[in-house]
Amino acid sequence: MNEAPAILTCEEVREAERRSVDAGIATMAGLMERAGEACARVLHEAFPAGKIVVLAGPGNNGGDAFVAARFLKAWGRDINLYELAGGRRTAEAASARAAWTGDIAPIVQLEGGEGVLLDGLFGAGLSRPLAGEALEAVMRAARVQGPKVAIDLPSGLQGDGAAHAACAPADITVTFGALKPVHVLQPAAQACGRVVVEEIGFG
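All of these numbers come straight from a predicted model, not from anything done at the bench. (Residues numbered from 1 in each chain as written. Predicted model: local features only at pLDDT ≥ 70, side-chain atom pairs only at ≥ 80, totals over all residues. Heavy atoms only, no water.)

Visitor: Can you help me understand a nonpolar patch on the surface in this one?
Guide: Taken together, the side chains of Ile7, Val184 and Leu185 present a nonpolar region at the surface, about 240 Å² in accessible area. The topology assignment puts Leu185 in the loop between strand S6 (172–176) and strand S7 (194–198). The partly exposed category is assigned to Leu185, whose relative accessible area is 42%. (Patch = residues over 30% accessible without salt bridge, like charges linked within 9 Å, V, L, I, M, F, W, Y side chains within 5 Å. Areas by Shrake-Rupley, 256 points an atom, 1.4 Å probe, with all protein chains shown as cover. Salt bridge = Lys/Arg side-chain N within 4 Å of Asp/Glu carboxyl O. Helix = DSSP H or I, 4+ residues; strand = E, 2+ residues; numbered from the N terminus. Buried < 20%, exposed > 50% of the residue type's maximum accessible area, 1.4 Å probe, protein only.)

Okay, here's the thing in C-alpha cells:
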C-alpha cells in the first residue's frame with residue numbers, strides 16, 4: 001500500500017533543501033537541473049505533440065523553466081520561450097538561462113495563441129498578491145489556449161495556501177519532494193489540477 005505524500009510548508013521545504021546542500025547530498029544547481037528535467041518529462045509524456053509555450057519568471061521557478069525548455073528542445077519539441085525579467089537572479093537561475101540556446105522573447109509579446117503552456121513565472125516564494133507587470137504576465141498566461149502545466153504551483157498562488165483572484169489555473173502541477181498546503185487547501189488546490197510529486201534529491 002502506497003503511503004500518501006507528505007505535506008510540508010514552504011519553509012520546511014527550504015530547510016530540507018538547505019540540509020541536503022549542507023550535507024553534500026545535493027547542490028542547488030543540481031536540484032534545479034533535476035526539477036526542470038522532471039517538469040519537461042511530465043509535460044512531454046502528458047502532451048506529446050504540439051507547440052510548447054514556456055514562461056520563465058525572474059526567480060528559481062524561472063530557472064526551472066529554462067532547464068525544462070532545454071530538455072524539451074533536445075527531445076525535438078517546438079519551443080516558444082517568453083521571459084518576465086526583473087530582479088536579481090540567483091546564480092543557479094542565471095546559469096540555467098545562460099544554458100538555453102533558443103530565442104527569448106519578452107512576455108509583453110505573448111498575445112495568447114495556442115500551445116501547451118509551461119508556467120514557470122512565479123513559485124512558492126511569492127508572498128503577496130500580484131500587481132503591475134507581474135499581474136499582466138499571469139493574465140497573458142491564462143489567455144493561452146491549450147493545456148497548462150505549472151512548475152511547483154500555478155503562478156499567482158502562494159505555497160502555504162493563499163489564493164487570489166489572479167492566477168493561471170493548471171491542468172497539471174509538478175512539485176518536488178512533498179506536497180505543499182496550496183496543493184490540498186481549497187480554493188487554491190482547485191487551480192492546481194492534477195498534482196505530480198517528483199523526487200529530485202532532497203529530504
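Visitor: Got a minute to help me understand the packing of aromatic side chains in this structure?
Guide: We describe a pair of aromatic rings using the distance from one ring centre to the other and the angle between the two ring planes. Within this structure, the stated rule accounts for one aromatic pair. Each ring, one from Phe71 and one from Trp75, has its centre 5.9 Å from the other, and the planes form 50 degrees; the classification is tilted. Residue class for Trp75 comes out partly exposed when judged on its relative accessible area of 36%. The ring of Trp100 carries the charged tip of Lys73 above its face, separated from the ring centre by 5.3 Å. (Phe/Tyr/Trp six-rings, centres within 6.5 Å; stacked < 30°, edge-to-face > 60°. Lys NZ or Arg CZ within 6 Å of the ring centre and 35° of its normal.)

Visitor: What is the right way to look at the pattern of salt bridges in this model?
Guide: Any two side chains of opposite charge can pair if their charged atoms end up close together. A full pass over the atoms with the stated rule returns 11 salt bridges. In this structure, the salt-bridge partner of Glu11 is Arg14, at a minimum N-O distance of 3.3 Å. Here Glu11 pairs with Arg14, and both are found in helix H1 (residues 10–22), just three residues apart, close to one helical turn. For Glu198, the salt bridge identified is with Arg41, shortest N-O distance 2.7 Å.

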